[in-house]
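# A look at the structure
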Amino acid sequence: MQTKWWHNKVVYQIYPKSFNDTTGDGIGDIKGIIEKLEYLCFLGIDIIWLSPVYESPMKDNGYDIANYQKIDPSFGTMADMEQLIYEAKKHDISIVMDLVINHTSDQHPWFIKAKKNKRNKYRDYYIWRDEATDIGSVFGGSAWEFDETTDQYYFHLFTKEQPDLNWQNKKMRHDMYDMINWWFDKGIRGFRLDVIDLIGKDIDNNITANGPRLHPLIKEMSNATFQKHDAFTVGETWGASVDEAALYSNPSQQELSMIFQFEHITLNWHPEFNKFKTTPLNRLALKNILYKWQTEIHPNAWNSLFFNNHDLGRVTSRWGNDGIYNEQCAKAFATVLHMMKGTPFVYQGEEIAMTNVKYQHIDDYNDIEIHNRYHEYVIERQVMGQKEFMQQVYLNGRDNARTPMQWDKSINGGFSIGSPWLRPNSNYLFINVDDNLKQKNSVFYHYQKLIQLRKSDNYGNTLTYGSFIPKTTEYDNLFLFERHYEEKRIIVAVNLGEQSVSFNWENSIDEILINTGQIDYFKTVTLNAYDALVFAY
Ligand code: GLC
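Residues numbered from 1 in each chain as written. Predicted model: local features only at pLDDT ≥ 70, side-chain atom pairs only at ≥ 80, totals over all residues. Heavy atoms only, no water.

### So, the site of the ligand
The full set close to the ligand counts 14 residues, and Asp60, Asp194, Glu236, His310 and Asp311 are the nearest of them. Here an oxygen atom of the ligand and a side-chain polar atom of Glu236 are 2.9 Å apart. With the chains in place, 97% of the 310 Å² that the ligand exposes on its own is no longer accessible. A majority-of-atoms criterion places the ligand in the largest pocket. In the shell around the ligand, the residues fall into four nonpolar, three polar and seven charged. (Near = heavy atom within 4 Å. Polar contact = N/O pair within 3.5 Å; in protein donor to acceptor, adjacent residues only side chain to side chain. Areas by Shrake-Rupley, 256 points an atom, 1.4 Å probe, with all protein chains shown as cover. 1 Å grid on protein atoms, 1.4 Å probe; cavity = no way out; pocket = protein on both sides within 12 Å on 5 of 7 lines; lining within 4 Å. Sits in = over half its atoms within 2 Å of the grid points. Nonpolar A, V, L, I, M, F, W, Y, C, P; charged D, E, K, R; others polar.)

As structure tokens, this is what we get:
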């Protein structure tokens, strides 16, 4: 396999609005990120994926962009952004931005002009039809909005304030490529491409994801931008299969570095109500999906590895046990993730095992998806009760990931001295960075160790390039696998459940790399609730 500069890197995702507020306005800012670079460096990460900081009316917290070349004043200035790129580089950290190009905000000058009349050059930058079809928006309701001025409908797969761009328009595409290259010239190293599997849509045939024009479009974009800059790119592709992943990420395709696939994330979602009606996690199904992606992906393609992001409930609350086992559970999930082959992503707060939040009232929530779906399912269609809906919000609502970062025990968890845009989780009193840094066995130091192993002279290549070999076991909860590269072999054994599990180990052991449960590893190895053991032999 051709090696790439990013192959052994670890990515840290920052949701700027909730990370660190230096002005006291209750909203995190770019200066706040600069202030924490030392901390991120200590954790050991190499790349920051920054959720959108562009000018935006914030209907979808920045995923509705009004100007791709300006920083939203709530986050700071372009000078702050330039300073962040510069300071991060000094710490050997690369900045990767979020590229939201399936749609813009309805406040983007292109859309404002497009809406004026039918005959201006920006009209065709968006998608207009005389009649609406029955395609639905991802956030509920129809994907079509009627525009009275010009007597046509425009298409929006997300909120009506996020009109979809027409990727068939060559002029628009080239404007986008210029913008992307402009950011490269500023020194960023790559992009996370928001819902990129939607840009090849063929709506007249009801095709939104994985449309017929998708790969040619990504190739064109990549050749005009990413390939020239040896960029790190990761595409958000909700429905991608293992074979599709190779189309995107096999270097010979000249498209992207990797994709985020969501087969593991959606495995317990309902076919119609998705994250708002879920079943308890089936560990065996999770294991099968993770192993499938490890073993069946094309040898030249590349996986991303993640359990958390800004759209998901926190993993220990969603799939594990965020009560008495919160820390042990966070370490267990992290061990499985970081010992697999691919690029690990850490979402802010994951490294200290931040949990979901339970606000009592729907009005305490900010997320537009939660509000739209509440309106649709509970009020309009009455397909679920309020209690039932809130239970699912407590598990899977997007605001769970967006509560302010918990730095210390001071007011608002040290996030802001003002009034935070989203109420902090009150458990900051005992889950925070400060305490983690003081305790030798904390979740933070566990993450630090996992990251160091990926970079170590001894095991770096094994973890980065080693083959992945599943080991059979009768226990659904036991995630047991081997990584193998040249003469090095590592065994990973993690109990992702509460019942004890065991396996036999007759061979000798060279070195214990991780042992979260003080496990005795002579002949029969027993792992109690959420224990993790990693050793070389
Ligand atoms: C992606 C983002 C999500 C956003 C949506 C629309 O799924 O991760 O936060 O709401 O795209 O841009």
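### Some points on empty space enclosed by the protein
All chains considered together, the criterion is met by five cavities of 30 Å³ or more. Space inside the largest cavity adds up to approximately 100 Å³. Every residue lining the largest cavity is listed: Gln261, His264, Leu290, Trp293, Gln294, Asn303, Ser304, Leu305, Phe306, Phe307, Leu337 and Met340. Looking at the lining of the largest cavity, the elements that each hand over two or more residues are helix H8 (283-296) and strand S14 (304-305). Of the residues in the lining of the largest cavity, the class split is seven nonpolar, five polar and no charged. Volume-wise, the second largest cavity comes out at about 70 Å³. Residue lining of the second largest cavity: Asn308, Arg314, Val315, Thr316, Ala330, Gly349, Glu350, Ala353, Met354 and Tyr447, and that is the complete set. (Points joined across faces, edges and corners; volume = space filled by probe spheres on them. Helix = DSSP H or I, 4+ residues; strand = E, 2+ residues; numbered from the N terminus.)

### Side note on the environment of Thr472
Structurally, Thr472 can be placed in the loop between strand S16 (467-470) and strand S17 (478-485). Thr472 sits 31 residues away from Phe503 along the chain, and the two C-alpha atoms are 9.7 Å apart.

### Some remarks on the packing of helix H11 (residues 368-380) against helix H12 (residues 386-396)
Where H11 meets H12, the closest approach of the two axes is 10 Å, and the angle between their N-to-C directions is 150 degrees. What the angle tells us is that H11 and H12 run roughly antiparallel. The interaxial crossing formed by H11 with H12 has right-handed handedness. Contacts from Ile370, Arg373, Tyr374, Tyr377 and Val378 in H11 reach Gln386, Phe389 and Val393 in H12. Residue composition of the contact of H11 with H12, grouped by class: six nonpolar, one polar and one charged. (Axes fitted to C-alpha atoms, helices over the stretch in contact; angles between N-to-C directions. Parallel < 35°, antiparallel > 145°, perpendicular 65-115°, else oblique. Left-handed = near helix turned anticlockwise from the far one by under 90°. Contact = heavy atoms within 4.5 Å.)

### A few points about the packing of helix H5 (residues 170-185) against helix H6 (residues 214-224)
For the pair H5 and H6, interaxial distance at closest approach is 9 Å and the crossing angle is 40 degrees. On the basis of their axis angle, the class for H5 and H6 is oblique. The hand of the H5/H6 crossing is right-handed. Contacts between H5 and H6 involve Arg173, His174, Tyr177, Ile180 and Asn181 from the first element and Leu217, Glu220, Met221 and Ala224 from the second. The residue inventory of the contact of H5 with H6, partitioned by class, reads five nonpolar, two polar and two charged.

### A look at the pairing of strand S19 (residues 501-505)
Only one face of S19 is covered, namely the one carrying Val501, Phe503 and Trp505; the face carrying Ser502 and Asn504 has none of its residues buried. Sheet topology note: the S19/strand S21 (residues 523-527) ladder contains five bridges and is antiparallel. Within S21, the position partnered with Asn504 by the bridge is Thr524. (Buried < 20%, exposed > 50% of the residue type's maximum accessible area, 1.4 Å probe, protein only. Pairing = 2+ DSSP bridges.)

### A few points about the sheet that holds strand S6 (residues 128-129)
Strand order in the open sheet formed by three strands is S6-S8-S7, with antiparallel pairing between adjacent strands. Of all the strands in the sheet, the pair left with one neighbour each is S6 and strand S7 (144-147). Direction of pairing for S7 relative to strand S8 (residues 152-155): antiparallel, over a ladder of four bridges. The residue of S8 that forms the bridge with Phe146 is Tyr153.

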